Structure formats: structure tokens, C-alpha cells
Amino acid sequence: MSVMTTLRSRIIAWAGRMYLARTQKKGFDLSRMSFLPESVLMPLRREGLDPVGDLATVREKEPISKLPVPIAANVWLVTGYDEVKAVLGKANAFSSDFTNLVGKAGAGVEQNPGGLGFADPPVHTRLRRLLTPEFTMRRLGRLTPRIHEIVEERLDAMEAAGKNGDPVDIVHSFALPIPSLVICELLGVPYEDRDDFERLSAARFDLFSGANASFGAISESLSYFRDIVKKQRENPGDGLLGMIVKEHGDSVSDEELAGLADGVLTGGFETTASMLALGALVLLQDPKHFAALHDGDDVVDRYVEELLRYLTVVQVAFPRFAREDLEIGGVQIAAGDVVLCSLSGADRDGKLGPDMEQFDPSRNVPSHLAFGYGIHRCVGAELARMELRAAYPALVRRFPHMRLAAKPEDLAFRKLSIVYGIESLPVRLDG
């Protein structure tokens, strides 16, 4: 057995354990936080596809409000669009560094996941420069044919599974495998059994529960990526990791590369999978939108952007820690205060236009915050758009008579989740 086959087998075994953890914990499951006031958990709750009504009430009354959290520092919830952009755009005034969590939430220095999300400049700046060239449209263009192939392969699998009129689960047959296989292609990680590899899921960043188990899972994830990086050092391929090794060599450490790979997987798998499933549900619930996307290529971009805004599956940005005393939106924030930005709340802000609680692809609004904002805006945003633009129209055109195979009220959504999603979406393909 070759070294790469052995490594692949280890990845698949780890993937199974991570997938089981995902199904048991329901993503970023915060159900153990029942002792916290409802106002603290409220930004993570939804009613179907919509943030709970209390989030809009808080936003209209106080776009920046203090949360009653039993810790020494003040914790602020930011729900207004302008206010969220102000916080996320002030990298000099707010820190995202992992060291702010050390000694809290069960985190130790050794559990730092690396990558971009928990780094400040100049470390963040240097690491992002390594990744950015690999996410330009020119570099991503090489993935376009493969993305369409993956989408068609998954549609073929759905058609085969539903040929006798049996229900097909969009989540497990379509939404999960597409981004996992695309990320695999991007990173340049080899695999043989795609059905097993699609279960590869990133360790969960549960910043609220302080569960040691989640940080342990991150450590396990990084150990496997270290092995992958080691092999790429010896024989760099044409994927993202291989390209960074070839272009930057020893100027980037194995630890940094492992953290970047884990971050790419974390940011590019669960979020896109949730978007694909929830976006399909939006289309299935309104025949007008289903037909519009079926019939016209010119509407695809508008539908994708409005789905991103309307769903905003990453509900809350990574926490920010105030470096200094400052004022945001007329509210005084002190050095050391913790600031949580509600992206889902900001993207429904009535200041952006009328009826922002409704899905309307014809609207013209400022840029949404589904990918974040500022220096920590998702580096893989364009890759996600490519996947969504390919997948949505292909799905509705292959199965023009597709309909839900369950009552909407029986669908199981995640109850408390940083990345919102649905556990299963059964459909019948023949109408």
C-alpha cells in the first residue's frame, strides 16, 4: 500500500468520526447552554428560514445592545447593518487573535487552530497573501469544468436514487458532497472513495460552550493536515497546498500550511453545503422562483446574491475584542469588551430597503454581509459563488417537477447553530 493511500485511509477514518460528531452535535450545537438567558442565545435561533422576531425587535430598538453574560467583560451584540460594518471594518480597533480566548472556553495556547479566522495583522496579512492568489478568478477558473462535472455527477446519483419514485435527500445526495469534493480538488488532496471523502467535515468552533472536545477535534484535524503538508513538501501538486509550497517554499511553515488548509475546509464545506440545501428549499417553496431560475441564465447571479443575503447561514461572526475605548453607533465600547456581530440580523436590516425579511431577487441593495466584511471577509467567497451558480440552475433544470416529500413543518433545522442549516431535505423528483 502506498504512502498516499495510507494517508488517504487515515483521512477517511477521521472523516467518519468527524461526521458522526456532526450528526450527533447538529453542527455548532449549543443546546448545553440552556443556563444562559434567552437574549444571549437569540441570535442563533431561527423560525424555519427566518431569524426569530426578537432579533429584529432588538435591532430596531438598539442596533448595539449589551448581553447579560455572566463574565467580567461587557459583551455587546451588534445587529444593525451599518454598525456591523463599522465593527468588522476596524481591524486596528478590534482583535480576533486566538490568545484572547486562552484561559476561557476551555482553550489553551496549544489548541490554536491557526489559519486566518483567529489571527490579527501582521500575521493575518502575511497568511492571507499566501492564499489570495489561489482564490483569484483566474486561478479558480481552472476549477470551473470540474465543478460542473461534480454537479452533474451528483444529479446523476440523485436521478438513480429516485428512479422508482423514492424520496431523495438533497442534503446528503447533493448539498454535502458538492463542496466537499470541490474543496478536495482545490487543496489537491488525493482520494479514491468519493462517497467516504464527502463526509470530511471541519472541526467545529463552538466558542460559547467551552467544550474541550471541540478543541480536541480541531487538534486531531490539524494532525492530519500536517501529514498532508509533509507529502506536499516532498512532491508538490497543482492544488492550493502544492502551489503555495512551490511559490513560497520554506517561508511558510508546515504548521501555518496545516492551519490554512483546515481553515479552507472549515470555511468552504459546511457553509456552502448549508447554502445549497437551504437555497433549494427556498426555491421549492415558491413555484415562481423555481420557474424563473429554470428558464433564464440572466437571473442566476441575482438569485444567488439574494439567497446569500436572505439566508446568511453564518449567523454570527467570530468574536471581536476591543483593543481600546471607542464609540460605535453612539455606543461607548471599552477596551477589553467582547463584541458579537449578528450577520443574519444585519442582512435583514430595514435600513437597506423595504421588506428585507422577504426573499426578493429583483431588489437592489448594498452588498450583503453573508461572507463577512473587512480583512476577515471570506477568502473563498468567489469559489462559493461559483458552486452556487453552477448548482442551483442545474438542479431545477434536471428535475423541473421536483417537490418536497415532507411537510414543511416536519423539516428538522438546527436549533442553536453558528452555521445554520437543515438536517435533511427529502424530495420527490418526478412531481
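A brief look at the structure comes next.

Conventions adopted
- Residues numbered from 1 in each chain as written.
- Predicted model: local features only at pLDDT ≥ 70, side-chain atom pairs only at ≥ 80, totals over all residues.
- Heavy atoms only, no water.
- Phe/Tyr/Trp six-rings, centres within 6.5 Å; stacked < 30°, edge-to-face > 60°.
- Helix = DSSP H or I, 4+ residues; strand = E, 2+ residues; numbered from the N terminus.
- Buried < 20%, exposed > 50% of the residue type's maximum accessible area, 1.4 Å probe, protein only.
- Pairing = 2+ DSSP bridges.
- Contact = heavy atoms within 4.5 Å.
- Axes fitted to C-alpha atoms, helices over the stretch in contact; angles between N-to-C directions.
- Salt bridge = Lys/Arg side-chain N within 4 Å of Asp/Glu carboxyl O.
- Polar contact = N/O pair within 3.5 Å; in protein donor to acceptor, adjacent residues only side chain to side chain.

**Some remarks on the packing of aromatic side chains**
Two numbers describe a pair of aromatic rings. These are the distance of the centres and the angle of the planes.
Link 1 in the chain: All chains considered together, the criterion is met by four aromatic pairs.
Link 2 in the chain: Geometrically, the ring pair formed by phenylalanine 118 and phenylalanine 318 is stacked, given 4.6 Å between the ring centres and 20° between the ring planes. One end of the pair, phenylalanine 118, is in the loop between strand 5 (94–95) and helix 5 (123–131); the other, phenylalanine 318, is in the loop between helix 15 (300–311) and strand 7 (320–322), with 200 residues separating them in the sequence.
Link 3 in the chain: A relative accessible area of 6% places phenylalanine 118 in the buried class.
Link 4 in the chain: Ring geometry for phenylalanine 413 versus tyrosine 420: centroids 5.9 Å apart, planes at 5°, classification stacked. Just as phenylalanine 413 is buried, tyrosine 420 falls in that class too.
Link 5 in the chain: Here the aromatic cluster, defined as three or more aromatic residues joined through ring pairs, consists of Tyr303, Tyr310 and Phe359.

**Overview of the sheet that holds strand 4 (residues 75–78)**
The strands that make up a sheet are held in pairs by hydrogen bonds between backbone atoms, and each pair lies either parallel or antiparallel.
Link 1 in the chain: An order of 3-4-10-7-5 is seen for the five strands of this open sheet, with the pairing classed as mixed. At either margin of the open sheet sits one strand with a lone partner, and together these are strand 3 (64–67) and strand 5.
Link 2 in the chain: As paired strands, strand 7 and strand 10 (residues 338–341) are joined by two bridges and run antiparallel to one another. Directly across from phenylalanine 321, in strand 10, lies its bridge partner valine 338.
Link 3 in the chain: Helix-sheet contacts for helix 4 (residues 81–88) involve strand 3, strand 4, strand 5, strand 7 and strand 10, and the interaxial angle to strand 10 is about 130°.

**Here we look at the pairing of strand 4**
Link 1 in the chain: Alternating residues of strand 4 divide into Val75 and Leu77 and Trp76 and Val78, and every residue in both groups is buried.
Link 2 in the chain: Examined bridge by bridge, strand 3 and strand 4 share four bridges and lie antiparallel to one another. By the bridge assignment for strand 4, lysine 66 is matched with tryptophan 76.
Link 3 in the chain: Of the strand pairs in this sheet, strand 4 and strand 10 are connected by four bridges, and their pairing is parallel. By the bridge assignment, valine 75 is partnered in strand 10 with valine 338.

**Here's the deal with the pattern of salt bridges**
Link 1 in the chain: One pass over the structure, following the stated rule, counts 25 salt bridges.
Link 2 in the chain: One salt bridge in this structure joins glutamate 357 and arginine 348, with 2.6 Å as the shortest N-O distance.
Link 3 in the chain: Counted as one network, the salt bridges with shared partners bring together Asp50, Arg59, Arg348 and Glu357.

**Focus on the side chain of aspartate 169**
Link 1 in the chain: With respect to the helices, strands and loops of the structure, aspartate 169 is situated in strand 6 (residues 168–169).
Link 2 in the chain: Relative accessible area serves as the criterion here: at 17%, aspartate 169 is assigned to the buried category.
Link 3 in the chain: Side-chain polar atoms of aspartate 169 contact the backbone nitrogen of valine 171, separated by 3.0 Å.
Link 4 in the chain: Ignoring sequence-local partners within four residues, the contact set of aspartate 169 consists of Phe174, Glu423, Ser424, Leu425 and Pro426.

**Some remarks on the side chain of arginine 385**
Link 1 in the chain: Along the polypeptide, arginine 385 turns up in helix 17 (residues 381–398).
Link 2 in the chain: Here the side chain of arginine 385 touches glutamate 382 through a polar contact of 2.7 Å, side chain to side chain.
Link 3 in the chain: Ignoring anything within four residues of it in the chain, the contact list for arginine 385 reads Glu305, Leu308, His368, Phe371 and Arg377.

**Some thoughts on unusual backbone geometry**
Link 1 in the chain: In the segment running from proline 121 into proline 122, the intervening peptide bond is cis, with an omega of 5°.
Link 2 in the chain: Looking at the element boundaries, proline 122 is found in the loop between strand 5 and helix 5.
Link 3 in the chain: Residue threonine 312 is not a glycine yet carries a positive backbone phi of 35°.
Link 4 in the chain: By the element assignment, threonine 312 lies in the loop between helix 15 and strand 7.

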